[in-house]
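# Summary of structural features
Here is what each chain is made of, one letter per residue.
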Amino acid sequence: MVKTITASPERAMRKGLREVKAGDLLTVKSHIRRILGLSDVSRMQFAWYLDGKKPLDVVKAKQIEAVFNQYGVSNPWGF
């Protein structure tokens, strides 16, 4: 039996990234990667967080919200 991981809109950040201005996108992604403790080569793990397939703790979620708020995105959660 194969266990599948379903995405959770409450934890997904794709919506927030779509709302960031194109010129700020790489900077925002870099900030989020740093918060999550991911390197630039771990694109798959980053995608899991973006899709809400990997859980976030409350502290990291608040830090990510602060980054999005800095760039004008008030509600980054969802698809």
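Before going into details, it helps to say that this report is about the structure given with it. (Residues numbered from 1 in each chain as written. Predicted model: local features only at pLDDT ≥ 70, side-chain atom pairs only at ≥ 80, totals over all residues. Heavy atoms only, no water.)

### Section: the packing of helix H2 (residues 25-36) against helix H3 (residues 43-50)
- Look at H2 against H3: their axes get within 11 Å of each other, and the N-to-C directions meet at 95 degrees. The orientation of H2 relative to H3 falls into the category roughly perpendicular. Contacts from Lys29, Ile32, Arg33 and Leu36 in H2 reach Arg43, Phe46 and Tyr49 in H3.
- Taken together, the residues that form the contact of H2 with H3 break down as four nonpolar, no polar and three charged. (Axes fitted to C-alpha atoms, helices over the stretch in contact; angles between N-to-C directions. Helix = DSSP H or I, 4+ residues; strand = E, 2+ residues; numbered from the N terminus. Parallel < 35°, antiparallel > 145°, perpendicular 65-115°, else oblique. Contact = heavy atoms within 4.5 Å. Nonpolar A, V, L, I, M, F, W, Y, C, P; charged D, E, K, R; others polar.)

### Quick word on the side chain of Asp51
- The residue Asp51 is located in the loop between H3 and helix H4 (58-70) in this model.
- Those residues in contact with Asp51 that lie beyond four places of it in its chain are Ala7, Ser8, Ala12, Arg14 and Phe79.

### Some thoughts on the nonpolar core
- Membership of the largest hydrophobic core comes to 18 residues, with the highest contact counts inside it found for Met13, Val28, Ile32, Leu36, Leu56, Ile64 and Phe68.
- Residue assignment for this core shows that the elements contributing at least two residues are H2, H3 and H4.
- With sequence-adjacent residues up to four places away left out, Leu56 is seen in contact with Arg11, Leu36, Tyr49, Ala61, Ile64 and Trp77. (Core = buried A, V, L, I, M, F, W, Y, C linked by side-chain atoms within 4.5 Å. Buried < 20%, exposed > 50% of the residue type's maximum accessible area, 1.4 Å probe, protein only.)

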